[in-house]
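A structural walkthrough
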Amino acid sequence: MYFTDRGIEELANRRGEEEVTFEWLAERLREFVDLNPEFEIPVERLATWLARLDDEDEDE
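Please read all numbers here as calculations on a predicted model, not as lab measurements.

**Quick notes on the confidence of the model for the protein chain**
Overall, the prediction assigns the protein chain a mean pLDDT of 89, with 85% of residues at 70 or greater. Mean pLDDT values over the elements of the protein chain span from 72, in helix 4 (residues 53-59), up to 97, in helix 2 (residues 22-35).

**Some thoughts on the pattern of salt bridges**
Summed over the entire model, instances satisfying the criterion amount to four salt bridges. Note that Arg 15 and Glu 18 form a salt bridge whose closest N and O atoms lie 3.4 Å from each other. Taking the relative accessible area as the measure of exposure, Glu 18 reaches 42% and is therefore partly exposed. Of the charged contacts in the structure, one is a salt bridge between Glu 31 and Arg 28, with a shortest N-O distance of 2.7 Å. On the criterion of helical spacing, the pair formed by Glu 31 and Arg 28 is a turn pair, its members being three residues apart in helix 2.

Thresholds, definitions, all that
Residues numbered from 1 in each chain as written. Predicted model: local features only at pLDDT ≥ 70, side-chain atom pairs only at ≥ 80, totals over all residues. Heavy atoms only, no water. pLDDT = per-residue confidence, 0-100. Helix = DSSP H or I, 4+ residues; strand = E, 2+ residues; numbered from the N terminus. Salt bridge = Lys/Arg side-chain N within 4 Å of Asp/Glu carboxyl O. Buried < 20%, exposed > 50% of the residue type's maximum accessible area, 1.4 Å probe, protein only.

This is the structure in structure tokens:
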């Protein structure tokens, strides 16, 4: 188990029933990077990965 799994589990437990838009998620990611600029690259990689998920499915 990765250390980040605990945070992911907490997110699922606390917010798992909620529905959000990708616009809302993008705003939260921007806020997070504004408060934690050292995480800019990992957040950028996550956002790019999420944005391109369908592209990977088409390649298969």
